Amino acid sequence: CQVMNYMVDAYYIAELLRKEDPEAFKLLCEVEVRFENNGGDGGSALVHVAPHFELEGGDGSGSGHTLRAVRFSAKSGQYAPPLGAEKMAAFYRARRRFSELAHDPKYVMSLQLNPGDLLIFDNQRLLHARSGIAPTDGERWVQGAYFDRDGLWLNYERWRRRAAASE
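The structure displayed is predicted, hence computed values, not measured ones.

Conventions we followed
- Residues numbered from 1 in each chain as written.
- Predicted model: local features only at pLDDT ≥ 70, side-chain atom pairs only at ≥ 80, totals over all residues.
- Heavy atoms only, no water.
- Helix = DSSP H or I, 4+ residues; strand = E, 2+ residues; numbered from the N terminus.
- Contact = heavy atoms within 4.5 Å.
- Areas by Shrake-Rupley, 256 points an atom, 1.4 Å probe, with all protein chains shown as cover.
- Lys, Arg positive; Asp, Glu negative; His and termini not counted.
- Charge placed at Lys NZ, Arg CZ, Asp CG, Glu CD.
- Core = buried A, V, L, I, M, F, W, Y, C linked by side-chain atoms within 4.5 Å.
- Buried < 20%, exposed > 50% of the residue type's maximum accessible area, 1.4 Å probe, protein only.
- Axes fitted to C-alpha atoms, helices over the stretch in contact; angles between N-to-C directions.
- Parallel < 35°, antiparallel > 145°, perpendicular 65-115°, else oblique.
- Nonpolar A, V, L, I, M, F, W, Y, C, P; charged D, E, K, R; others polar.
- Left-handed = near helix turned anticlockwise from the far one by under 90°.
- Salt bridge = Lys/Arg side-chain N within 4 Å of Asp/Glu carboxyl O.
- pLDDT = per-residue confidence, 0-100.
- Pairing = 2+ DSSP bridges.

A short note on the overall build of the protein
The secondary structure content of the protein amounts to four helices and eight strands. In the protein, the order of α-helices and β-strands from amino to carboxyl end is β-α-α-β-β-β-β-β-α-β-β-α. In terms of its C-alpha atoms, the protein occupies a principal-axis envelope of roughly 55 × 50 × 35 Å. Nonlocal contacts in the protein, meaning residues at least 24 apart in sequence, comprise 66% of its contacts between residues at least 6 apart. Of the roughly 11,700 Å² of accessible surface on the protein, a fraction of 53% belongs to carbon and sulfur atoms. Counting 21 positive and 23 negative side-chain charges, the protein places the centres of these two groups 1 Å from one another.

A few points about the nonpolar core
Counting residues in hydrophobic clusters, the biggest one holds 24 residues, and the most contacted among them are Phe53, Leu67, Val70 and Phe98. At the level of elements, helix 1 (10–20), helix 2 (22–30), strand 2 (32–37), strand 4 (53–55), strand 5 (67–70) and helix 3 (85–103) are the ones that each hand at least two residues to this core. Excluding residues within four positions of it along the chain, Val70 makes contact with Ala10, Tyr11, Ala14, His52, Phe53, Phe98, Asn123 and Gln124.

Regarding the packing of helix 2 against helix 3
Packing of helix 2 against helix 3 brings their axes to within 9 Å, and their N-to-C directions diverge by 100°. In terms of orientation, helix 2 and helix 3 fall into the roughly perpendicular class. Contacts between helix 2 and helix 3 involve Ala24, Leu27 and Leu28 from the former and Lys87, Ala90, Phe91, Ala94, Arg95 and Phe98 from the latter. Its residues placed into classes, the contact of helix 2 with helix 3 shows seven nonpolar, no polar and two charged.

Structural notes on the packing of helix 1 against helix 3
Direction vectors running N to C along helix 1 and helix 3 enclose 130°, while the axes themselves pass 10 Å from each other. When the axis of helix 1 is compared with that of helix 3, the two are oblique. The chirality of how helix 1 crosses helix 3 is right-handed. Along its contact with helix 1, which presents Ala10, Ile13, Ala14, Leu16, Leu17 and Glu20, the element helix 3 presents Ala94, Arg97, Phe98, Leu101 and Ala102.

Some details on the pattern of salt bridges
Applying the stated criterion across every chain, the model contains 10 salt bridges. Measuring nitrogen to oxygen at the nearest pair gives 2.9 Å for the salt bridge that ties Arg125 to Asp9. Of this pair, Arg125 sits in the loop between strand 7 (109–111) and strand 8 (126–130) while Asp9 sits in strand 1 (residues 5–9), and the two are 116 residues apart along the sequence. On the basis of relative accessibility, which here comes to 35%, the residue Arg125 falls in the partly exposed class. When its relative accessible area of 28% is taken as the criterion, Asp9 is described as partly exposed. Across the pair Arg160 and Glu157 runs a salt bridge, and its minimum N-O distance is 2.5 Å. In this pair, Arg160 and Glu157 both sit in helix 4 (residues 149–165), three residues apart, roughly one turn of the helix.

What to know about the environment of Leu152
Within the secondary structure layout, Leu152 lies in helix 4. By relative accessible area, which is 48% here, Leu152 ends up partly exposed. Spatially, the C-alpha atoms of Leu152 and Ser73 are 24 Å apart, while their sequence positions differ by 79 residues.

Examining the confidence of the model for the protein
Regions with low pLDDT carry predicted coordinates that are not meant to be interpreted in detail. Mean pLDDT for the protein: 87, with 93% of residues reaching 70 or above. Here strand 6 (residues 77–79) stands out as the element of the protein with the lowest mean pLDDT, 72, in contrast to helix 1, whose mean of 97 is the highest.

A few points about the sheet that holds strand 8
Strands sit in the order 7-1-8 across an open sheet of three strands; the sheet is antiparallel. Either end of the sheet is taken by a strand with one partner, and the two such strands are strand 7 and strand 8. For this sheet the average axis-to-axis angle between neighbouring strands, irrespective of direction, equals 25°. One ladder, built from five bridges, connects strand 1 with strand 8; its direction is antiparallel. Note on strand 8: the bridge partner recorded for Asn5 is Arg130. The sheet strands contacting helix 1 are strand 1 and strand 8, and the helix crosses strand 1 at an angle near 45°.

Written out as structure tokens, the structure reads:
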């Protein structure tokens, strides 16, 4: 198999952008975009509207707050809402700069998986892609599994409260 997997720590890249251009970082925290995924076969329709960068608490200004999630995908739309011409230009400049940083080879980790390998990562922190699949690569089997963070935290809190009540 010749397929290469590429991964980038989006939190690291976002922090580079925050240091380099705080206003660009702020725009990517504030402007909500529409993400879409049809499951690859048109059999489903997942739509999510959120900014590219989600911060932990705070007012969205970006200063002093830690990242909670980064959303960035070349294949899922990322449609921006109507914005004034100046803000729209600044937003797309910010998004392009984030993409340039994310595609800089010095920040990309390359990995070739072998049969039986398992790769687990946080989809809201790690940007990921792969090279093309050659006809000589043979059959591939990839299984994706996703955790609903809200469901995990809901159950954690439920069990935490039960444990506290029984003490």
